[in-house]
Amino acid sequence: MDFEQSFGVDPAVKAAIQMPFETNNVAANQNLTEDNTIRNRRDPAKPSRGNVDVSGQVVVPIGPVSFGYWLKALFGNPETVDDGLSNYTHTFSPGDEQPSFVLDRGFTDIGVYEKFSGCKVSQLAITLGGDGALTAAIDIMGAKNTVGTAAYSSEPTTIADTRFSNFQATLQEGGVDVGIGTSVDFQINASLDGNQYVIGSQGFRADIPEGLIQISGNLTALFKDKQLLEKAINGTETSLKLGLDDGLNSLDFYFPEVEFGRGSPAVEGPQGVVITLPWRAYCKGTSPDDTSVKVTLVNGHESY
């Protein structure tokens, strides 16, 4: 992974990072359009080629160092504060523009390398809760794909990283710890415009503009009282904060303005009852400090 200075153009000075991942299905797909020209025979005519769609999903571990690069790809450069003791606080929030980046995927045993240029994060999705491995699903949209026999970078920077786990998670609602939450998920959608195909671009996207960010999710909790249900019924504004802390590093997603959608607890059997409430985050303010989401990453990594 390497961030571009100009959309779709390789940086003059490469600074590639070798990123950890679990799955990667980013691909370039091009349709063949049927030719319906009527001729003096029933055999089909040669099809024409359509536009190229570079898109897919990467599932990655949420590591205290590597995940910061995905946050940069979604939000832009963070504000970083050094405490003087080799601890750095990186604060991310939505910017006016998203940076684009190069993704290079190598099948090293057969010497085949796929480079995806002009990539942007279209959606980030995370689910907290349970005892499974904690991952983030990152949807990617790109401009162009090329296939070659050499890696984009011969010496990418390798990150020494750990990963956060579900048992390190915390959840606050309205500034108070939620002791009955069983799971919470959220999606941050950048609303990218993927229809920027222009004449002469050979079917590739010429740009990928950003739209209005959409933030939504679901909170599932034990149905022990009616507090959350009443907030959903009355449309009461609240906040959500999702945290991860391994003792050395921390990652917090803070949504300062949230409203629950109405839901009802379901009785699925003789066991305990849970309630699932959809929610959306938003921003009513107009000052530069107002935001729909603020992400704070604390680690020993100097800069992104």
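Residues numbered from 1 in each chain as written. Predicted model: local features only at pLDDT ≥ 70, side-chain atom pairs only at ≥ 80, totals over all residues. Heavy atoms only, no water.

(A) Inspection of the overall build of the protein at higher detail. Along the backbone of the protein there are two helices and 20 strands. With the C-alpha coordinates aligned to their principal axes, the bounding extent of the protein is approximately 75 × 55 × 45 Å. When each of the 304 residues of the protein is scored for burial, the buried share is 40%. Taking contacts inside the protein between residues at least 6 apart in sequence as the whole, the part at least 24 apart equals 70%. Here the protein displays about 16600 Å² of accessible surface, and carbon together with sulfur accounts for 47% of that area. (Helix = DSSP H or I, 4+ residues; strand = E, 2+ residues; numbered from the N terminus. Buried < 20%, exposed > 50% of the residue type's maximum accessible area, 1.4 Å probe, protein only. Contact = heavy atoms within 4.5 Å. Areas by Shrake-Rupley, 256 points an atom, 1.4 Å probe, with all protein chains shown as cover.)

(B) Spotlight on helix α1 (residues 67-75). The buried fraction of α1 amounts to nine of the nine residues, a majority that puts the element mostly inside the structure. All of the buried residues along α1 are F67, G68, Y69, W70, L71, K72, A73, L74 and F75. Positioned one or two residues after α1, G76 has a phi angle of 105 degrees, which is positive.

(C) Spotlight on the side chain of N145. Tracing the sequence through the fold places N145 in strand β11 (residues 144-148). With relative accessibility at 16%, the residue N145 sits in the buried group. Residues in contact with N145, not counting those within four places in the same chain, are A28, V54, E114, K115, F116 and F204.

(D) Structural context of the packing of aromatic side chains. Applying the stated criterion across every chain, the model contains seven aromatic pairs. Summarising the aromatic geometry, the rings of F3 and F101 are spaced 6.1 Å apart at their centres and angled 65 degrees between planes, so their arrangement reads as edge-to-face. Taken together, the residues F3 in strand β1 (residues 2-3) and F101 in strand β8 (residues 101-107) connect sequence positions 98 residues apart. Judged by relative accessible area, F101 falls into the buried class, the value being 0%. Ring geometry for Y69 and Y304: centres 4.8 Å apart, planes at 75 degrees, overall edge-to-face. (Phe/Tyr/Trp six-rings, centres within 6.5 Å; stacked < 30°, edge-to-face > 60°.)

(E) Inspection of the pairing of strand β15 (residues 181-189) at higher detail. As defined by bridge partners, strand β9 (residues 112-128) adjoins β15 across six bridges and the pair is classed as antiparallel. Among the inter-strand pairings, Q123 is bridged to a residue of β15, identified as N189. (Pairing = 2+ DSSP bridges.)

(F) Summary view of helix α2 (residues 227-234). Listed as buried for α2 are L228, L229, K231 and A232. Seen end-on, α2 carries its buried residues on one side only, within an arc spanning 160 degrees. Packed against the buried residues of α2 are β13 (169-173), β16 (214-222), β17 (238-245), β18 (250-260) and β19 (274-281). G235 sits one or two positions beyond α2 and adopts a positive phi of about 65 degrees. (Arc of directions from axis to C-beta.)

(G) Region of interest: unusual backbone geometry. The residue S86 is not glycine, and still its phi comes out positive at about 65 degrees. Its place among the elements puts S86 in the loop between β6 (79-82) and β7 (88-92). Classification of S86 as partly exposed rests on a relative accessible area of 49%. Backbone geometry places Q202, a non-glycine residue, at a positive phi of 60 degrees. Structurally, Q202 can be placed in the loop between β15 and β16. You can call Q202 exposed: its relative accessible area is 66%.

(H) Representation of the pattern of salt bridges within the structure. Evaluated as defined, the whole model comprises 10 salt bridges. In this structure, the salt-bridge partner of D53 is R205, at a minimum N-O distance of 2.8 Å. Placement of the pair is D53 in strand β5 (residues 48-61) and R205 in the loop between β15 and β16, with a sequence separation of 152 residues. Two residues, K226 and E230, come together in a salt bridge whose shortest N-O distance is 3.3 Å. (Salt bridge = Lys/Arg side-chain N within 4 Å of Asp/Glu carboxyl O.)

(I) Expanded view of the environment of R41. If you trace the backbone, R41 turns up in the loop between β4 (27-33) and β5. A polar atom in the side chain of R41 sits 2.8 Å from the side chain of D43. (Polar contact = N/O pair within 3.5 Å; in protein donor to acceptor, adjacent residues only side chain to side chain.)

(J) View of the side chain of Q123. Relative to the elements of secondary structure, Q123 occurs in strand β9. Within the structure, Q123 has its side chain in polar contact with the side chain of N189 (distance 3.4 Å). For Q123, the contacting residues outside a window of four places in its chain are A137, I138, D139, Q187, I188 and N189.

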